[in-house]
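# Summary of structural features
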Amino acid sequence: PPPPSPPPPSPPPLSPPPPSPPPPSPLPPSSGPLACSEMAARSEIKKCRKADPGACSDYYEAVSENKYKVCAAKQGGRKCGRKKAVTCPSPPPPPSPTPPETSCD
């Protein structure tokens, strides 16, 4: 009798789906250097509520020397308002445009 034919190759086992990314963790309350470095990317404004709600996060209010309030969108993004005050050891440096490096070669 003919030899028994080998069983058909079984399909490779399905690989488990990739783990879903963890939910975005809420940002820790910014305190200290993080908030101050954040200020450098923002522009000073007299009143956060005067800022455009869409660009709210680009501004901060200077409360007093070394004390600032970060602007944040409120009411579902319809208004701009102040978040908590942040104390920085020195005023945030204005973001300076980096001059193009000129090389001599």
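An account of the accompanying structure is given in this report. (Residues numbered from 1 in each chain as written. Predicted model: local features only at pLDDT ≥ 70, side-chain atom pairs only at ≥ 80, totals over all residues. Heavy atoms only, no water.)

## Examining unusual backbone geometry
- Of note, N66 is a non-glycine position whose phi angle comes to about 70°, a positive value.
- Along the chain, N66 falls in the loop between β2 (59-64) and β3 (67-74). (Helix = DSSP H or I, 4+ residues; strand = E, 2+ residues; numbered from the N terminus.)

## Description of the environment of K46
- Note on placement: K46 falls in the loop between β1 (43-44) and β2.
- For K46, a relative accessible area of 74% corresponds to the exposed category.
- In the structure, K46 is positioned 16 residues away from A62 in sequence and 7.5 Å away in space, judged by C-alpha atoms. (Buried < 20%, exposed > 50% of the residue type's maximum accessible area, 1.4 Å probe, protein only.)

## Thoughts on the pairing of strand β4 (residues 79-87)
- Here β3 pairs with β4 via seven bridges, running antiparallel. Bridging from a neighbouring strand, A73 pairs with C80 of β4.
- Adjacent in sequence and paired antiparallel, β3 and β4 are bridged by four residues, among which Q75 carries a positive phi angle near 55°. (Pairing = 2+ DSSP bridges.)

Distances and angles like these do not, on their own, reveal function.
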